[in-house]
Amino acid sequence: MTIRVRFAPSPTGHLHIGGARTALFNWLFARHTGGTFILRIEDTDEVRSTVESVQAIFDGLRWLGLDWDEGPVAAMKIAGTEHYPSKGPATGFGFYYQMERLPLYKKAVDQLIAEGKAYPCFCTAEEVQKMREKAESLKRQPKYDGTCRDLTPEQRAQKTKEGRSATIRFKAPLSGTVQFHDDIKGDMKFDNDQLDDFVIMKSSGVPTYNFACVVDDHDMQITHVLRGDDHLSNTPKQVLLYRALGWDKEMPTFAHLSMILGPDGSRLSKRHGATSVQEYQQKGYLPEALRNYLALLGWSTEDSQDLFSFDELIQKFTVDRCVKSAATFDPQKLEWMNGEYIRKMSVRELTERALPFLRDAGLIQGDVEAMRPELEKVIALEQEKIKLLTDVPKRIDIFLKEVPYDPEAVEKVLRKPDVPALLEESIKAFEALDSFSAAATEEACKALAVRRGIKNGAVFHPVRVSVSGRTQGPSLFHMLELLGKGKSIDRIRKTIAFLSAR
RNA sequence: GUCCCCAUCGACUAGGGGUUAGGUCACAGCCCUUUCAAGGCUGUAGCAGGGGUUCAAAUCCCCUUGGGGACGCCA
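Residues numbered from 1 in each chain as written. Chains lettered and ligands numbered in written order. Predicted model: local features only at pLDDT ≥ 70, side-chain atom pairs only at ≥ 80, totals over all residues. Heavy atoms only, no water.

**Considerations on the overall build of chain A**
Consideration 1: Looking only at helices and strands, chain A has 20 helices and 13 strands in total.
Consideration 2: Compactness check: chain A gives a C-alpha radius of gyration of 32 Å against a globular reference of 23 Å for 502 residues, more than 25% above the reference.
Consideration 3: The principal-axis extent of the C-alpha atoms belonging to chain A is close to 110 × 50 × 40 Å.
Consideration 4: Here chain A holds 502 residues, and the buried ones make up 50% of them.
Consideration 5: Total accessible area on chain A is roughly 23600 Å²; 51% of this is exposed by carbon and sulfur atoms.
Consideration 6: One way to put it: in chain A the 70 positive side-chain charges average out to a point 3 Å from where the 71 negative ones average out. (Helix = DSSP H or I, 4+ residues; strand = E, 2+ residues; numbered from the N terminus. Rg over C-alpha atoms; globule rule 2.2 N^0.38 Å. Buried < 20%, exposed > 50% of the residue type's maximum accessible area, 1.4 Å probe, protein only. Areas by Shrake-Rupley, 256 points an atom, 1.4 Å probe, with all protein chains shown as cover. Lys, Arg positive; Asp, Glu negative; His and termini not counted. Charge placed at Lys NZ, Arg CZ, Asp CG, Glu CD.)

Have a look at this one:
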C-alpha cells in the first residue's frame, strides 16, 4: 500500500510556524516512504478565506522546499464550484480546493439523510447560541439540545415552507464509546455522551470542517492523517462519520503531533513575535535552517542529532520517533542553527543569497556582476560572524559606503590626547607602503607602536575606529587591505579633521 | 463546567526497571585573539509531588499538582 498524506491548511492568514511543522512532517513521512504528499486547501470558511492566504501558503511551502505531488497549481479566487488547474488524477475527486468539491459533500450528506443518520435543523444560530449559554450558566457542557433531531417529515416540510433555512446535523450516538488508535498518542477512547449533534453542513450548503475533512480524506484515499493534537478531540467525531458513511474499513491511521508553544508556555501566537514563515524569510533565516529546526520540534533521533541535511532528514524521519509532549519554540536555538548553516555555506552561495538583503539595505543596486568578486571577499571576512542574512548588510556596509562614527567608540577610543598625532603618523606610515597588503599594514602598525613606545592595541584600536567608525569589525589589516590604501588614508584624514572640529 | 492530551537541566531532547541520567541551545569560566565572533576545553543546571509494585523505579500503576487542547452554521 502506498502512503498518501496531506497537508490541509485553511487559507485565513499566513503560513504559521505550527502549520509549517505539520506540513514538514507530512512531507518527510511521504518522502521517507516513497508516498504521495497532497496539498488540500480547506477554504470552507466563507468569510475568512482569501486568495492572498492561499498564495502565502504556496510561497511558504515552496520556500521551505516542500513540494506537493497532488494539489492546486495556482492560487485562485475562492468561492465557487468551478474547477481550477491542479496536479493530480483528473477524476471527480482530483480537485484540491474544498469549495470546488461542494457536489461531493452534498452527495455524502444526502446519503446520510436518506439513511436517517443526519437531519435538517431549523434552529437559528442565535437560538443555538442561547442554548449553549444556558447550559454554561447551569455549569453544564454546552451542547445542542436536539430540538430538531426527531422532527416528523411533516414538521420538516412545514418549516421549509415557512422559508426557514436549515443546517444539517449529524445524529450522533447518545451513549457508548468511540475507540481508535493513534500512532503517536496510543489507544484513545472517548465517551459519546460528550458529543452533540454537530453541524456537518451549514445552511449555505458548505460543509463544516469535520465533515469535509472526512469526505476528502476518504475520497483522496489518504492513508495517514498527521496533524496537530488540537484535532485529537475532533477525531472521535470523524471516526463516527467514517462509520456512518460506511467507510470505516478504509479509515486512515491517525497520528497527532504535539503542539508548538511560545516561550511562556501558551500556544504560539503573534504576541510571541514572528509566527509566520514569511517573517522568518524576511528576517534573513535560511529555509534549510528553519526546516531543520522545525524537524526537531517533536521529533528526534536516538542519538539526539541536531544538524541534518535535507536528505538525511528524509532518510531518518519516522513517525514512531515523534514525541507526545508539546515543544517550546526557541528562537535562540533557531538563530544558532541558522548561523551554523551560514558558516558551512560557500562564500559564493552566501553572497548570492545575501544579494536581495543588500539591495533592500540600499547598499547595492542595478547589475552587481562586476562587483561580485569584491563582495565575496568582503563577505568572506565576516562570514563566521553572520547569523542571519540581514546581518550581511550590517557587517559589510563599511566597505560600500561611509559609515558614521559610533559615539561610544569615539568616546572610548578616539577622544584621547595623543590620538590625532598617532593617526597623522599612521597616515605617513601607510603612505610609505608600496603594497597595502594585510601583512604590510600590520607590520607598519606594529613598527609605529614600537616607535611611540605603546602597545600594539593602542595603535590598532584607534585605526580601527577611524577607518570603520566602530570598535567591532573584521580583522583590522584584512579590512584595510580590502578597503584599499586610498580610502583607508582618506578616512583617517577625515577622522583627524573630525577630532579637531570640536 | 465536561472531556481529552502531556510532564527528564531555563529550552529542545536521549534514556523506558540496575546509567557517574547523555547530547544540543542558552548561561558561566578558561584558552585562542588587534576588536567582535567562531573554535577548543571546563563548568552550573534536570527525572513536578505523593503513594504503591519490585531485591531494585527517571523508567510500570494510581492519585495530586501543573501545563496544553477541545466543546462554533471556525478550521
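Once the structure has been displayed, the description carries forward.
**A word on helix α1 (residues 17-33)**
Consideration 1: Here α1 spans 24 Å end to end across 17 residues, near enough to the 24 Å set by a 1.5 Å rise per residue.
Consideration 2: Of all 17 residues that make up α1, 14 are buried, and the element is covered over most of its length.
Consideration 3: At the C-terminal side of α1, Gly34 shows a positive phi close to 70°. (Expected span 1.5 Å × (residues − 1).)

**Describing the protein's contact with RNA strand B**
Consideration 1: With respect to spatial proximity, 64 residues lie near RNA strand B, and among them Asp45, Gly298, Glu302, Lys385 and His461 are the closest.
Consideration 2: Between RNA strand B and Glu42 there is a distance of 3.2 Å, counted from a sugar or linking oxygen to a side-chain nitrogen or oxygen.
Consideration 3: Between RNA strand B and the protein, one listed contact pairs a sugar or linking oxygen with a side-chain N or O atom of Gln194 at 2.7 Å.
Consideration 4: If one sorts the elements of the surface near RNA strand B by residue count, helix α11 (residues 331-344) sits on top with four residues. (Near = heavy atom within 4 Å. Polar contact = N/O pair within 3.5 Å; in protein donor to acceptor, adjacent residues only side chain to side chain.)

**Remarks on the sheet that holds strand β5 (residues 118-121)**
Consideration 1: Spatially, β5-β6-β9 is the arrangement adopted by the three strands of the open sheet, whose pairing is antiparallel. A strand with exactly one partner marks an edge of an open sheet, and here the two such strands are β5 and β9 (199-201). For this sheet, the mean inter-axis angle between neighbouring strands, taken without regard to orientation, is 45°.
Consideration 2: Judged from the two bridges that link them, strand β6 (residues 167-170) and β9 form a sheet pairing that is antiparallel. Along β9, the bridge assignment pairs Ile168 with Met201. (Pairing = 2+ DSSP bridges. Axes fitted to C-alpha atoms, helices over the stretch in contact; angles between N-to-C directions.)

**Things to note about the pattern of salt bridges**
Consideration 1: Here the structure, examined in full by the defined rule, presents 37 salt bridges.
Consideration 2: For Asp219, the salt bridge is made with Arg101, and the minimal N-O distance between the two is 3.8 Å. With Asp219 in helix α6 (residues 209-219) and Arg101 in the loop between β4 (86-87) and α3 (102-114), this residue pair connects regions lying 118 residues apart in the sequence. Per residue, the accessibility class of Asp219 equals that of Arg101, and both read buried. (Salt bridge = Lys/Arg side-chain N within 4 Å of Asp/Glu carboxyl O.)

**Quick word on the packing of α1 against helix α9 (residues 287-295)**
Consideration 1: The interhelical angle for the contact between α1 and α9, taken along N-to-C directions, is 80°, at an axis separation of 10 Å. Between α1 and α9, the crossing angle belongs to the class labelled roughly perpendicular. Contacts between α1 and α9 pair Ile17, Ala20, Arg21, Leu24 and Phe25 from the former with Leu290, Arg291, Leu294 and Ala295 from the latter.
Consideration 2: Of the residues contributing to the contact of α1 with α9, the split by class is seven nonpolar, no polar and two charged. (Parallel < 35°, antiparallel > 145°, perpendicular 65-115°, else oblique. Contact = heavy atoms within 4.5 Å. Nonpolar A, V, L, I, M, F, W, Y, C, P; charged D, E, K, R; others polar.)

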